[in-house]
Number of protein chains: 2
Amino acid sequence: MADLPRVLSHIDENLEQSVERLVTLLKIPSVSTDPAFAGECVRAAEWLKGELEALGFDASVRPTGGHPMVVAHYVPDDVPETAPHVLFYGHYDVQPPDPLEEWKSPPFEPQRVKGASGREQIVARGAEDDKGQLMTFLEAARAWIGAEGRLPVAVTVLLEGEEETGSPSLAPFLEANAAELTHDIALVCDTNMWDPETPAITTRLRGLVHEEVIVTGPSIDLHSGLYGGAARNPIRVLTRILGELHDDRGRVAVPGFYDDVAPLPDAIKAQWDALDFSEKDFLGDVGLSVPAGEEGRSVLEQLWSRPTCDINGIIGGYTGEGTKTVIPSRASAKISFRLVSGQDPQTVRDGFRAFVRERLPADCEVEFVAHGGSPAIEIPTDNTYLSAAAGALKDEFSKPAVMMGCGGSIPIVGAFRSRLGMDSILIGFGLPDDGIHSPNEKYDMASFHRGMRSWARVLGALAG
Amino acid sequence: MADLPRVLSHIDENLEQSVERLVTLLKIPSVSTDPAFAGECVRAAEWLKGELEALGFDASVRPTGGHPMVVAHYVPDDVPETAPHVLFYGHYDVQPPDPLEEWKSPPFEPQRVKGASGREQIVARGAEDDKGQLMTFLEAARAWIGAEGRLPVAVTVLLEGEEETGSPSLAPFLEANAAELTHDIALVCDTNMWDPETPAITTRLRGLVHEEVIVTGPSIDLHSGLYGGAARNPIRVLTRILGELHDDRGRVAVPGFYDDVAPLPDAIKAQWDALDFSEKDFLGDVGLSVPAGEEGRSVLEQLWSRPTCDINGIIGGYTGEGTKTVIPSRASAKISFRLVSGQDPQTVRDGFRAFVRERLPADCEVEFVAHGGSPAIEIPTDNTYLSAAAGALKDEFSKPAVMMGCGGSIPIVGAFRSRLGMDSILIGFGLPDDGIHSPNEKYDMASFHRGMRSWARVLGALAG
C-alpha cells in the first residue's frame with residue numbers, strides 16, 4: 001500500500017525545486033500564434049519531454065502540421081487491475097504578452113511577489129494558463145516517483161502546443177493516434193477553483209450549435225422611396241422572426257426546444273444555491289443588474305444548466321455613416337444555441353430552421369449555413385473516477401469540491417468524447433483574478449502547491 | 001390675345017433647329033461629380049446663359065461654392081395682372097457616363113436612332129436627364145418669342161449644376177437670393193410621363209424621417225458561453241422591438257402613426273385604379289410577386305398615398321466569416337419613415353422613440369440620432385395653376401394628365417417649399433425606359449417635341 005503522507009511530504013519539502021522548474025518553463029516564450037516563436041514552442045516541448053523522460057516516462061515530441069505534441073507514457077508494473085489508465089492533458093503554449101507596456105515585470109522573466117491579497121504569487125505569461133497548471137500534475141508525478149518509486153496508476157501525458165490558437169492539429173492527431181491515447185479517463189488541468197479555499201470540478205459543459213441565417217427578398221437593392229410600402233424588406237422579415245425567438249418569460253420559443261432538457265437535480269441546485277456567488281457582482285462587473293434569461297432561475301442555473309439562444313451578429317442594408325434610402329436585397333444573422341445534456345445538436349438545428357421557415361412570408365428565400373455544433377457534456381455525479389477525485393480534493397481542502405458547470409465549451413473535452421469516446425475530469429487551481437490572457441498573469445503559490453498535493457491525492461485515490 | 005396655334009406651328013416648323021441646339025448642349029460633358037469636368041460645367045452654364053440672352057432674358061452665370069447657377073429673368077410689359085410669375089427649374093449637370101464600354105455610341109456624341117420600339121430617339125448622356133427636359137422649356141419660350149414676340153407670362157429660369165451630386169449649394173443659394181427667386185409657382189421639368197401617350201403631373205411626394213437607433217446592453221462585449229442566458233443581448237432587444245414595428249396586416253404599429261393621414265379621395269383612387277399599371281410587372285422586375293405593404297391596398301396606393309416604415313440598415317455583433325461566441329455591447333439600426341401629407345416629421349419621430357423606449361427592457365440604454373426629415377408635399381388638385389397646366393396637357397395629348405404620386409422625395413421641391421414658400425408643378429416627359437444614369441440614355445424625339453408643345457400650352461394657359 002502506497003504511503004500518501006510520504007508523497008505529500010515530498011511535495012512540501014521540495015516545493016522550491018518545483019517552483020524552479022516552473023520558472024524554467026515560464027522563461028520559454030512559447031507563443032503559439034506568432035510564427036516568430038515557433039522555435040520556442042519546440043524548445044518548450046523538448047524541455048517537457050526531457051523532464052518526463054527523467055521521471056521514467058517513455059516520452060516523445062511528435063510533429064504535427066503546427067506546433068508539436070508531447071506524448072509520454074508511464075505504465076507501472078504492479079498496479080491493481082481495477083486501477084484506471086489515465087490520460088493527462090495540458091498545453092505548453094501561451095497567449096502573446098501584448099500589451100507589453102502594461103506588464104510590471106517582463107512577461108518571460110518570472111517574478112515571485114506578494115499580491116494585493118497578501119498571497120504569494122508567481123507572475124509571468126503562462127504562470128497559470130497553462131504552464132503552472134500542467135506542472136502541478138508533473139510535479140505530483142515526480143513526488144510519487146520520488147517518494148514511492150513509481151506512479152500508483154498508469155499515466156499517459158498529452159501536452160499540446162496550439163490550445164491558444166484553436167487546436168487545429170488536435171482532432172487529426174487524436175484520430176491518428178487513437179489507440180495510443182484512448183484510456184479510461186482523461187484528467188484535464190486548465191480550469192479554476194471556486195475560490196482560494198474551495199476546490200472545484202467542472203462537470204457540466206454546455207454544447208453549441210452555430211447557425212447562420214440569410215434572408216433574401218428583392219433580387220436587387222431597391223430605393224426605399226420608390227418601392228417602400230410595396231416591396232418586401234428582408235431586414236424587416238429577419239428582425240420579426242428573430243424577435244419571436246424568445247417568449248415573454250425569456251424562454252426559447254422554438255417548439256420542442258426544452259423537450260430533452262432534464263431538470264436540475266435538487267442536490268446540485270442546493271449546492272449551487274449555497275455557493276458564495278453574488279449575482280449582483282457578476283452582472284455588475286459588465287454593467288448589468290438583472291438576469292436576462294429564463295424567469296425564476298438563478299444566474300448559475302441559467303449559465304450552467306439551461307440551454308440558450310443568442311444572436312451573435314446581424315447585418316443588412318446600409319451600415320455606414322448617415323443614411324441611405326435602401327431596401328436591401330438581403331439580411332443575415334449569426335445565431336448560436338448553447339445546449340445542455342440530452343439535447344441533440346441536429347434536432348436543435350432542425351427545429352430552428354423549421355421555426356424560421358414557418359414564419360417566412362411570400363417573396364422571401366432563406367438560406368442556412370451550419371457552422372458546426374457539439375453536444376453538451378455532463379459527467380454523471382456517480383461516476384467512479386469523479387467520486388474518487390472529489391474525495392481526494394475534499395481530503396486536501398477539508399471541504400467538498402464544488403461540482404461546477406461552465407457556460408462555454410472546452411473543445412478538448414468534446415474532442416476526447418467525440419474522437420476517443422473518453423470522459424474527462426476537469427480539475428484546475430486557477431482563480432478568477434489570475435488574469436490569464438492579460439498583462440501580469442499570475443498563479444498563486446498556494447494554487448501551485450495545493451494543486452500538486454491535490455493531484456498526488458487524486459492519483460492515489462484512482463489507484464483504489 | 002396670343003395666337004397659340006401659331007406658337008405650336010413655330011415649334012413644329014423649327015423642330016430640326018431645336019434638336020440641333022439640344023445636340024450642342026449634349027456635346028458638353030458637364031459631369032458634376034468629377035472635378036476634372038468642372039470647366040465643362042462652366043461651359044454648359046455659359047452656353048445656356050448665351051441662349052437665354054439671345055431670347056431676351058436678363059441672364060447671368062452665378063458662382064457658388066460648387067458649380068455655378070444660371071439665373072435668367074424675362075418680364076414682359078403687358079401681361080395681365082392675374083398672370084403668375086413662374087420660376088422654371090432644370091439642371092444642366094449629368095451623371096458620369098460609366099461604364100463607357102456599354103455605350104453603343106460615345107456618350108457625348110449624340111446620335112439620332114430608331115429605338116427598339118420603332119420610335120425615333122436621341123441617345124447621349126443627359127439626353128433626358130435633364131438637358132433634353134430643360135430644353136423643352138427653353139424651346140417653348142423661344143417659340144413664344146419667335147411667333148408672338150414675347151412670353152405670355154413673366155419667367156425666371158434657374159438652372160443648377162449640382163443636382164446629380166445632391167445639390168449642396170442649392171439651399172444656401174435659394175436663401176441668399178430668395179427675393180429674386182420667389183415667385184408664384186415653380187415649374188420643374190425632371191419627371192416622367194405615365195406612358196408615351198399619357199402625360200402626367202406629379203402632385204404627391206412622400207416626406208421622410210430618418211432615424212438611427214442604438215441599443216446598448218452590457219458595458220463590454222461578452223463571451224456568449226460564459227454569459228449567455230444571463231446577460232442582456234442588445235441584438236435580441238433590437239430585433240424584438242423592430243419586429244413589433246408592423247402588425248400582422250402590414251400596418252405601422254407606432255400608436256397614432258396614421259392619425260393625420262387623410263383618406264385618398266375616391267376620384268384619385270378611381271383614376272389610379274384605371275391606369276394601365278401592372279403590379280405583377282412592377283414587382284416581378286425586382287424578383288417579387290406580392291405587395292408587401294398594408295393589406296387591401298393597391299401597389300400605387302401603397303407607394304403614392306400611404307406612409308411607411310422601413311429598416312434601411314442594421315448591424316450588431318460579429319458579421320465576418322464564420323462565427324464568434326459574442327454577446328455584443330451594442331446593436332444599431334437605421335430606420336426611415338415615408339410620410340404623406342398631413343404627417344408632421346417631428347411627431348412621427350417622437351412616436352417612434354416612445355415606441356422603442358416603452359419596449360426597452362432593464363439594463364439597456366437607447367440612443368437616437370436624428371438624420372433629418374421633411375414633410376410630404378401634395379399640391380391640392382384644385383390649385384389654379386395645376387388646373388391650368390392639366391388642361392394644357394389634356395389639350396396636347398387629347399387625354400387627361402395622370403395626377404401621379406412619387407414614393408420618394410425630390411429635394412428641389414422640398415427646398416422651394418421650405419426655403420421660398422413656393423409650390424411646384426412637376427411636369428416631365430421622361431419615360432421609364434429612358435435609362436437615365438445608365439449607358440445609352442435616350443430621350444424620345446416625341447417626348448422632346450410634345451414636351452415643347454406642352455410647355456408652350458402651359459405658358460399660354462397660365463397667362464389666363
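Here the structure is shown first, and the text comes after it.
Residues numbered from 1 in each chain as written. Chains lettered and ligands numbered in written order. Predicted model: local features only at pLDDT ≥ 70, side-chain atom pairs only at ≥ 80, totals over all residues. Heavy atoms only, no water.

Student: Explain the sheet that holds strand 18 (residues 442–444) of chain B to me, and be specific about the residues and the numbers.
Tutor: Residues and elements named next belong to chain B. Taken in spatial order, the 3 strands make up an open sheet running 4-5-18, and their pairing is antiparallel. At either end of the open sheet lies a strand with only one pairing partner, and these are strand 4 (111–114) and strand 18. The mean angle between the axes of side-by-side strands here comes to 30°, regardless of whether they run parallel or antiparallel. Across 3 bridges, the pairing between strand 5 (residues 120–123) and strand 18 is antiparallel. (Pairing = 2+ DSSP bridges. Helix = DSSP H or I, 4+ residues; strand = E, 2+ residues; numbered from the N terminus. Axes fitted to C-alpha atoms, helices over the stretch in contact; angles between N-to-C directions.)

Student: Outline the state of the cysteines, supporting the account with residue identities and numerical values.
Tutor: Counted under the stated rule, the structure contains 0 disulfides over all chains. Among the cysteines around Cys189 of chain A, which has no disulfide bond, Cys406 of chain A carries the closest sulfur, lying 15 Å off. (Disulfide = S-S within 2.5 Å.)

Student: For unusual backbone geometry, give the residues involved together with the corresponding values.
Tutor: Residue and element names in this part refer to chain A. A cis amide bond links Asp98 to the next residue, Pro99, at an omega of -5°. With respect to the helices and strands, the residue Pro99 is situated in the loop between strand 3 (85–91) and strand 4 (111–114). The peptide bond linking Asp129 to Asp130 adopts the cis configuration, its omega dihedral lying at 5°. Here the phi dihedral of Ser398 falls at roughly 60°; this positive angle occurs in a residue that is not glycine. Taking relative accessible area as the criterion, Ser398 reaches 66% and is therefore assigned exposed. (Buried < 20%, exposed > 50% of the residue type's maximum accessible area, 1.4 Å probe, protein only.)

Student: So, the environment of Lys324 of chain B: which residues are in play, and what are the values?
Tutor: Take Lys324 of chain B: it is sitting in the loop between strand 11 (308–317) and strand 12 (326–327). Along the chain, Lys324 of chain B and Ser224 of chain B lie 100 residues apart, while their C-alpha atoms are 8.7 Å from each other. For Lys324 of chain B, the contacting residues outside a window of four places in its chain are Asn312 of chain A together with Tyr318 of chain B. (Contact = heavy atoms within 4.5 Å.)

Student: Outline the relation of the copies chain A and chain B, supporting the account with residue identities and numerical values.
Tutor: Turning chain A through 180° and shifting it by 0.1 Å along the axis lays it on chain B, with an RMSD of 0.1 Å. Overall, the copies show the geometry of a two-fold rotation axis. Of the residues that chain A buries at the interface, 100% are likewise interface residues in chain B, meaning the two copies contact each other through the same surface. (Least-squares fit on C-alpha atoms with pLDDT ≥ 70 in both.)

Student: Please provide a residue-by-residue account of the pattern of salt bridges, values included.
Tutor: All names here are of chain A. Within the structure shown, the criterion is met by 72 salt bridges over all chains. The closest approach of N and O atoms between Arg419 and Glu175, which form a salt bridge, is 2.6 Å. Of this pair, Arg419 sits in helix 14 (residues 411–420) while Glu175 sits in helix 5 (residues 170–176), placing them 244 residues apart in sequence. Beyond isolated ion pairs, a larger network of salt bridges with shared partners links Arg251, Lys269, Asp273, Glu294, Arg297, Glu301 and Arg306. (Salt bridge = Lys/Arg side-chain N within 4 Å of Asp/Glu carboxyl O.)

Student: Lay out the sheet that holds strand 14 (residues 365–374) of chain B with the relevant residues and their values.
Tutor: Taken in spatial order, the 8 strands line up as 14(A)-9(A)-13(A)-11(A)-11(B)-13(B)-9(B)-14(B) in an open sheet, and their pairing is antiparallel. Bordering the open sheet on either side are strand 14 (365–374) of chain A together with strand 14 of chain B, each of which pairs with just one other strand. Each strand of the sheet is rotated relative to its neighbour by a mean of 20°, with strand direction disregarded. Of the strands in this sheet, strand 9 (207–216), strand 11 (308–317) and strand 13 (330–339) of chain A together with strand 11 of chain B are in contact with helix 8 (residues 234–243) of chain A, which crosses strand 11 of chain B at around 65°. Strands in contact with helix 12 (residues 345–359) of chain A are strand 9, strand 13 and strand 14 of chain A; relative to strand 14 of chain A, the strand with the most contacts, it is inclined by about 165°.

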